[in-house]
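Single-letter residue listing:
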2 protein chains.
Amino acid sequence: NIPFETSPQAVRLYNLYNHWAMQATTYFFIFVDLSLAVFEDPAVYPLPFLATSLAEVLCLLVFFGRLVHFAKVTPRNVFWKDTKNICIVIAILGTLIDLIIYGALKISNINSVRWSRVLRPVFLINFAESHQIRKVFRSIRNTLPEITYVFLLFMFSVLMFSLMALKLFGDRNLQTVEGSPYFTNYLEIVFDMYVLVTTANSPDIMIPAYDISWLYSLFFITYVVIHTYLFMSVFLAVVYNNYKKHLKNEICKLAYMKRRKMVEAFNILKVKEGPEFVVKEAQWKELVKRVAPDISTSHRELLLRVSDDEQKGYVDKKSFVRLADLLNIQVIAMKIQAHPLENWMPRVYNSAASQCLRSMVKHRGFVWTYDVIILINAIFIALDERNPLISYAEWVFLSLYILEILLKVYTYEPRAFFAKTQFWNWFDTSIIIAALVATVLNTLLKSTSQYNSQQVLDIVFILRVLRLLRIVDSIKRFRVIMTTLINVVPTMLTFGELVLVVYYMFAIIGMELFQGKIQFFNMNSTAPLALVCGNPALKDSQFAQGKYCVNNFNDLLSSFIVLTELTVVNQWHTLANGFVLVTHQAAKLYFMAFHIVVVIMIVNIFTAFILEAFYVEYSLEKSDVESAIERKIQELG
Amino acid sequence: NIPFETSPQAVRLYNLYNHWAMQATTYFFIFVDLSLAVFEDPAVYPLPFLATSLAEVLCLLVFFGRLVHFAKVTPRNVFWKDTKNICIVIAILGTLIDLIIYGALKISNINSVRWSRVLRPVFLINFAESHQIRKVFRSIRNTLPEITYVFLLFMFSVLMFSLMALKLFGDRNLQTVEGSPYFTNYLEIVFDMYVLVTTANSPDIMIPAYDISWLYSLFFITYVVIHTYLFMSVFLAVVYNNYKKHLKNEICKLAYMKRRKMVEAFNILKVKEGPEFVVKEAQWKELVKRVAPDISTSHRELLLRVSDDEQKGYVDKKSFVRLADLLNIQVIAMKIQAHPLENWMPRVYNSAASQCLRSMVKHRGFVWTYDVIILINAIFIALDERNPLISYAEWVFLSLYILEILLKVYTYEPRAFFAKTQFWNWFDTSIIIAALVATVLNTLLKSTSQYNSQQVLDIVFILRVLRLLRIVDSIKRFRVIMTTLINVVPTMLTFGELVLVVYYMFAIIGMELFQGKIQFFNMNSTAPLALVCGNPALKDSQFAQGKYCVNNFNDLLSSFIVLTELTVVNQWHTLANGFVLVTHQAAKLYFMAFHIVVVIMIVNIFTAFILEAFYVEYSLEKSDVESAIERKIQELG
């Protein structure tokens with residue numbers, strides 16, 4: 001979709017720009033740039049500042065080169081109108097300035113803030129070849145105004161209820177379960193009421209009032225119904241509607257652009273034939289060969305038959321424009337090939353015993369037998385591992401599973417068995433092989449060094465249990481749900497990217513704000529402050545009582561895990577209060593901002609996405625083009 | 001929609017059946033029957049068994065009478081095919097049998113279980129005149145098979161992950177924060193993992209494993225992503241899709257039935273006119289007068305003009321069939337009436353001063369002034385009440401608000417000001433009047449008896465804060481959202497009914513299982529077991545530490561509040577574990593069943609409903625019929 005110049009040199013440059021090696025290099029350096037946070041202070045694996053800053057400059061150079069390359073293939077006015085290029089330029093300049101200032105201050109022994117690290121995900125967003133992530137960001141931007149109004153109304157309501165709570169409970173000298181004053185400070189009430197919306201402090205927040213009279217519980221129940229159920233559903237509804245509307249717009253725009261391009265191509269190739277302009281068969285074939293060089297001759301022939309329905313020797317405008325859609329459809333060539341063994345030793349493969357074996361494997365009883373074996377295996381897994389009989393049984397199960405795969409490969413054609421669409425066969429085989437390798441490795445380690453590697457053993461356990469998943473494939477209704485879920489996975493990766501970007505930014509900010517304030521001591525540590533996470537301010541806090549010390553912002557990894565816990569919402573106020581105690585009340589804003597961005601926006605987008613995916617799956621009808629091909633295939637037999 | 005016999009006597013009986021007094025009586029006795037649980041043991045207000053059982057028998061008699069009445073107007077074969085009649089008969093018989101058995105055992109001093117109380121909501125569901133609640137139940141029944149498959153897959157996955165957790169952590173002698181063994185018993189792991197899906201024990205459940213290595217946190221994060229985010233969204237998606245599909249079916253069915261009936265009516269009334277059959281104008285008018293006696297002549301004339309577009313003196317079939325839709329549309333007669341004061345004393349009302357006052361009230365500045373007053377009021381509310389200056393200020397604000405309403409009524413026509421559609425005017429006026437009454441009452445109580453009634457004061461506080469809500473009406477975007485929310489409220493009542501039915505059944509079961517096991521002692525109680533809720537089994541439990549004693553099943557009211565807390569989900573495992581400690585492990589099943597029914601089914605239906613309501617609101621376009629009327633109104637001027 002990028003408008004580019006049409007000189008041969010420009011085309012060569014453009015092809016080079018899109019070469020897979022160039023793209024892989026870019027991704028590699030984006031990865032390096034992002035992972036620098038692991039080595040920079042506060043680091044998981046510390047490296048000197050010189051090393052990380054040199055690596056960062058190198059990354060910036062690569063990004064700059066990539067951008068210059070892109071500028072060469074794009075007309076200048078288009079290049080500077082594209083916000084993504086401007087973002088990259090600003091990010092590069094910002095990072096350079098920050099590096100220089102930070103380095104200069106470091107030499108004079110002043111520690112400043114590396115603020116430009118927040119900008120790093122900009123490269124991931126703007127260089128990514130998939131437009132998906134940018135599409136999601138555009139979708140968020142479009143949802144923002146509407147969500148903002150609902151959010152303002154929501155906050156207004158929270159503030160109003162907080163005021164009521166202050167008036168109702170403020171003067172009664174009540175105490176919370178922990179013994180602190182109950183609902184006396186307006187700002188604290190607002191925070192408590194906001195937490196109640198996320199249900200994290202329910203029912204504790206209501207207990208002191210409920211102890212006086214059950215009527216007060218109605219106040220909290222009304223509050224929860226309005227905010228947790230009504231408003232949160234409204235947020236989801238707004239996001240979902242925008243998602244649908246926006247998605248529809250995007251698809252319409254794409255379809256329109258594709259159509260216009262195809263009409264342009266048609267106008268170049270057209271030849272007058274009778275009353276209408278058409279494209280000759282030879283030219284059509286040449287075009288398809290150029291555009292899609294890797295489709296087979298028979299496939300091309302099929303497409304031609306679909307486009308030139310009456311075999312007139314040419315393709316008219318309507319059918320020509322449809323070509324792009326036709327090329328997008330995967331036609332799986334179901335070649336019924338002979339089994340390779342049949343070619344190698346036909347006598348043995350077609351013998352009566354072999355025939356009998358193969359029909360046995362194809363029988364339903366074979367599947368049922370293995371379902372029973374899996375169930376028995378499940379029971380054995382649950383039993384105690386240290387019994388030698390049971391650990392021998394594990395070998396029996398493993399060999400049974402390997403036997404099954406071998407039998408299946410013997411019966412079915414291997415290439416068909418391991419076709420791209422056969423998800424379960426791939427899953428089975430890789431699990432079994434991995435389990436075999438891990439079990440052998442574990443046994444070797446045990447026998448040679450009497451040392452039982454816990455990591456390998458853990459992997460063996462997980463693989464062993466994962467095998468049980470196979471039973472799902474035997475029940476048809478489960479298979480349908482699983483297929484939908486598996487189909488959803490690739491697009492979910494976009495959300496993974498989105499979450500990574502947001503987490504990275506919040507983690508960098510969190511590390512600047514909270515690093516070193518809370519420390520984790522090993523379980524058996526005898527350090528005097530081990531029980532208060534190394535910070536006396538946490539004495540008697542719920543944070544320390546819950547042994548949450550391990551949840552800190554002392555390196556990128558811990559930060560990510562804390563942010564995950566905050567996303568799950570439960571106990572987030574305990575975590576937030578812990579960090580507030582070691583810093584300042586204003587730290588609550590960081591946690592509330594995270595909740596608004598991640599839980600109200602991103603989690604709702606995810607839910608909207610799943611809703612839509614299942615809706616599409618339920619109302620799936622084959623598109624016109626697909627049915628045209630199917631019809632043709634049936635015609636041709 | 002009920003097929004009924006057509007003899008005059010049957011019609012009279014049918015009209016009697018549908019008379020509002022009969023319906024009100026039925027509702028009253030349903031209410032009495034349901035509220036018996038408040039007086040029966042375990043009671044909020046105890047009454048002797050004889051009194052409650054007599055009341056129940058009376059209710060049953062009324063229900064039976066109502067059913068007999070219904071049987072009289074329905075053909076016998078139709079009556080016995082209707083499941084709702086059969087349900088009522090079974091419920092009546094069951095309750096009678098239970099009453100007799102329970103009474104007999106009570107006389108011989110044996111206490112048994114009043115199991116038939118669970119059946120009481122059956123009357124509410126099956127007698128209700130609105131079909132909404134039955135529609136929701138039908139919708140749930142239709143969703144069940146699909147949800148069951150997803151649920152089985154979900155439970156399979158939970159069981160598998162629990163097995164992995166057992167293998168990974170079972171042998172490590174880890175301890176939870178409370179010091180109990182960590183992940184050693186399979187059944188307890190399954191419960192813990194199920195609780196983790198609801199996020200209620202996150203991150204506590206993960207901390208001991210995370211303390212060993214951050215890699216183990218990945219296990220829990222994967223689990224939460226799959227179950228809490230993916231599967232819970234899938235549940236919502238299944239419910240939402242079924243809701244949409246089912247709703248569409250219902251609407252199609254209704255539209256089809258209505259159309260068929262209208263065609264039948266047309267066939268009776270039709271007269272041949274030229275090439276087509278039509279209904280004469282006079283007959284049409286007569287019909288409309290019979291069917292809708294309370295619409296005005298001008299309204300009827302308007303409908304006729306719409307139906308008989310070209311004023312041919314008759315209505316053709318197509319327009320006739322549309323009549324039912326036409327009658328459903330509310331046409332608001334906007335009579336621009338003179339202000340009553342203008343009629344009484346035109347000289348004064350139309351004087352220069354009065355004109356000036358009225359134009360002032362109509363000015364935008366008037367609204368803005370009052371917005372500023374509301375904001376100042378908000379600050380005064382937040383300030384300390386005991387300052388005498390501030391409590392005087394309250395009188396000033398109250399009189400300002402009353403002045404505003406008086407001015408508005410003076411300026412605008414009172415009937416227009418208090419029209420049905422003017423929600424905010426009604427809201428304002430009732431809040432202000434209620435606040436006036438409550439404030440006066442409070443002052444009187446204070447001055448006469450030096451006794452400050454807390455209840456009245458609480459109401460004053462709430463009303464005072466609710467007044468602030470008015471500011472929402474001044475901002476247009478907020479008004480749109482509020483209007484949607486307010487439109488949703490009437491249909492939400494159906495969900496209220498549904499929730500009531502489910503809560504009632506669970507509350508009755510819960511009271512039978514857990515009554516008296518946990519007791520609440522007043523804060524200042526010196527009872528020896530006050531800190532463990534009157535049950536030594538709760539010693540050191542989180543239930544007792546959280547001071548949750550007030551959450552018990554000792555009467556209907558407390559049960560409802562506990563069930564609400566369980567619906568909100570947070571800390572539900574603490575509540576469940578408390579009741580498990582005082583009874584048996586199997587009690588967990590009760591709490592899990594409640595979670596599945598209420599959170600997975602009903603809350604999702606609620607969310608689906610809000611999603612759809614907002615979707616409809618966003619994509620709202622005027623229907624054909626409505627625009628036909630509007631066109632006609634514009635034509636007629």
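Residues numbered from 1 in each chain as written. Chains lettered and ligands numbered in written order. Predicted model: local features only at pLDDT ≥ 70, side-chain atom pairs only at ≥ 80, totals over all residues. Heavy atoms only, no water.

## Things to note about the overall build of chain A
1) Next: Broken down by element type, chain A carries 29 helices and three strands.
2) Next: The principal-axis extent of the C-alpha atoms belonging to chain A is close to 90 × 75 × 60 Å.
3) Next: A total of 637 residues make up chain A; the buried ones form 47% of that total.
4) Next: Of the contacts formed within chain A by residues at least 6 apart in sequence, a portion of 71% connects residues at least 24 apart.
5) Next: Of the accessible surface of chain A, which amounts to about 33100 Å², a share of 65% is contributed by carbon and sulfur atoms.
6) Next: Across chain A, the mean location of the 59 positive side-chain charges is 6 Å away from that of the 50 negative side-chain charges. (Helix = DSSP H or I, 4+ residues; strand = E, 2+ residues; numbered from the N terminus. Buried < 20%, exposed > 50% of the residue type's maximum accessible area, 1.4 Å probe, protein only. Contact = heavy atoms within 4.5 Å. Areas by Shrake-Rupley, 256 points an atom, 1.4 Å probe, with all protein chains shown as cover. Lys, Arg positive; Asp, Glu negative; His and termini not counted. Charge placed at Lys NZ, Arg CZ, Asp CG, Glu CD.)

## Looking at the relation of the copies chain B and chain A
1) Next: Laying chain B over chain A is done by rotating through 180° and shifting 0.0 Å along the axis; what remains is an RMSD of 0.1 Å. Put plainly, the chains are arranged around a two-fold axis. Rotation axis and chain B: the residue whose C-alpha lies nearest the axis is B:Asn570, separated from it by 3.8 Å.
2) Next: Most of the interface of chain B is mirrored in chain A: 100% of its interface residues are interface residues there too. (Least-squares fit on C-alpha atoms with pLDDT ≥ 70 in both.)

## Focus on the state of the cysteines
Two cysteines, two sulfur atoms, one covalent bond between them: this is a disulfide.
Residue and element names in this part refer to chain A.
1) Next: Considering all chains together, one arrives at two disulfides over all chains under this definition.
2) Next: Covalent S-S linkage joins Cys533 and Cys549, the inter-sulfur distance amounting to 2.1 Å. Disulfide Cys533 to Cys549: torsion about the S-S bond roughly -65°, handedness left-handed. Here the residue Cys533 occupies a position in the loop between helix H24 (476-514) and helix H25 (542-545), and Cys549 occupies one in the loop between H25 and helix H26 (556-568), the gap between them amounting to 16 residues. (Disulfide = S-S within 2.5 Å.)

## Side note on the interface of chain B and chain A
1) Next: Listed as interface residues are 87 residues of chain B and, on the opposing side, 87 residues of chain A.
2) Next: Interface of chain B and chain A: buried area, both sides summed, is about 8700 Å²; carbon and sulfur atoms make up 72% of it.
3) Next: Considering only the side of chain B, the residues that lose the most area to chain A are B:Leu153, B:Lys167 and B:Tyr229, jointly responsible for 8% of the buried surface there.
4) Next: Where chain B meets chain A, there are two salt bridges.
5) Next: Of the charged contacts in the structure, one is a salt bridge between B:Arg172 and A:Asp458, with a shortest N-O distance of 3.4 Å.
6) Next: In this structure, the connection of chain B to chain A is made through 16 residue pairs in polar contact (both at pLDDT 80 or more).
7) Next: With 16 residues, the top contributor of residues to the side of chain B that touches chain A is helix H10 (residues 214-269) of chain B. (Buried area = accessible area lost by both parts, 1.4 Å probe. Salt bridge = Lys/Arg side-chain N within 4 Å of Asp/Glu carboxyl O. Polar contact = N/O pair within 3.5 Å; in protein donor to acceptor, adjacent residues only side chain to side chain.)

## A few points about the environment of B:Leu531
1) Next: Inspection of the secondary structure assignment puts B:Leu531 in the loop between helix H24 (476-514) and helix H25 (542-545).
2) Next: A C-alpha to C-alpha distance of 6.6 Å links B:Leu531 and B:Ala544, two positions 13 residues apart in sequence.

## Regarding H26(A)
Residue and element names in this part refer to chain A.
1) Next: Across its 13 residues, H26 extends 19 Å between first and last C-alpha, which sits within 8% of the 18 Å expected from 1.5 Å per residue.
2) Next: Those residues of H26 lying buried are Leu556, Ser558, Ser559, Ile561, Val562, Leu563, Thr564, Glu565, Leu566, Thr567 and Val568.
3) Next: A distance of 3.1 Å separates the backbone nitrogen of Leu557 from a side-chain oxygen at the start of H26, and that oxygen is part of Asp555. (Expected span 1.5 Å × (residues − 1).)

## Observations concerning a nonpolar patch on the surface
Residue and element names in this part refer to chain A.
1) Next: A surface patch of nonpolar side chains, about 470 Å² in accessible area, is lined by Leu93, Ile97, Ile101, Val113 and Trp115.
2) Next: Structurally, Trp115 can be placed in the loop between helix H5 (83-107) and helix H6 (121-127).
3) Next: Residue Trp115 is classed as partly exposed on the basis of its relative accessible area of 43%. (Patch = residues over 30% accessible without salt bridge, like charges linked within 9 Å, V, L, I, M, F, W, Y side chains within 5 Å.)

## Looking at the pattern of salt bridges
1) Next: Under the defined criterion, the tally for this structure stands at 32 salt bridges over all chains.
2) Next: The partner of B:Lys408 in a salt bridge is B:Glu404, and the shortest N-O contact between them spans 3.4 Å. Highlighted residues: B:Lys408 and B:Glu404, both in helix H19 (residues 388-411), separated by four residues, approximately one helical turn. Neither B:Lys408 nor B:Glu404 differs from the other in exposure class; each is buried.
3) Next: In this structure, the salt-bridge partner of B:Glu404 is B:Arg470, at a minimum N-O distance of 2.6 Å. Note that B:Glu404 is positioned in helix H19 and B:Arg470 in the loop between helix H22 (454-466) and helix H23 (471-474), a separation of 66 residues in sequence.
4) Next: Look at the salt bridges and you will find they share partners, linking A:Asp33, A:Glu40, A:Glu56, A:Asp98, A:Arg114, A:Arg117, A:Arg120 and A:Glu512 into a network.

## A closer look at the domain arrangement of chain A
All names here are of chain A.
1) Next: Partitioning chain A into domains gives domain 1 (8-129), domain 2 (137-250), domain 3 (270-328), domain 4 (340-474) and domain 5 (486-618).
2) Next: Taking only C-alpha atoms into account, the centre of domain 2 sits 20 Å from that of domain 5.
3) Next: Across the boundary between the two partners, domain 2 contributes 19 residues, which contact 24 residues of domain 5.
4) Next: Summed over both partners, the interface of domain 2 with domain 5 comes to about 2200 Å²; 80% of that surface belongs to carbon and sulfur atoms.
5) Next: Among the residues of domain 2 in contact with domain 5, Phe191, Tyr194 and Tyr243 are the three that bury the most area, contributing 27% of the side total. (Domains from an automatic or database assignment.)

## Describing the packing of helix H18 (residues 364-382) of chain A against helix H19 (residues 388-411) of chain A
The angle between the axes and the distance between the axes are what describe a pair of packed helices.
All names here are of chain A.
1) Next: As a packed pair, H18 and H19 sit with axes 11 Å apart at the nearest point and diverge in direction by 155°. Compared by their axis directions, H18 and H19 come out roughly antiparallel. As for the relative orientation of H18 and H19, their crossing is left-handed in sense. Here H18 contributes Phe366, Tyr370, Ile373, Ile374, Ile376, Asn377 and Phe380 to the contact with H19, which in turn contributes Ile390, Ala393, Glu394, Phe397, Leu400, Tyr401, Leu403, Glu404, Leu407 and Lys408.
2) Next: Here the residues of the contact of H18 with H19 are counted per class, giving 13 nonpolar, one polar and three charged. (Axes fitted to C-alpha atoms, helices over the stretch in contact; angles between N-to-C directions. Parallel < 35°, antiparallel > 145°, perpendicular 65-115°, else oblique. Left-handed = near helix turned anticlockwise from the far one by under 90°. Nonpolar A, V, L, I, M, F, W, Y, C, P; charged D, E, K, R; others polar.)

## Things to note about unusual backbone geometry
1) Next: Following A:Asp41, the chain continues into A:Pro42 via a peptide bond in cis, with omega recorded as 0°.
2) Next: Secondary-structure assignment places A:Pro42 in the loop between helix H2 (20-39) and helix H3 (49-73).
3) Next: Backbone torsion omega between A:Ser202 and A:Pro203 reads -5°, so that peptide bond is classified as cis.
4) Next: Mapped onto the fold, A:Pro203 is located in the loop between helix H8 (186-197) and helix H9 (207-212).
5) Next: Even without being glycine, B:Lys547 reaches a positive phi, approximately 55°.
6) Next: Take B:Lys547: it is sitting in the loop between H25 and helix H26 (556-568).
7) Next: Residue classification places B:Lys547 among the partly exposed positions, given a relative accessible area of 42%.

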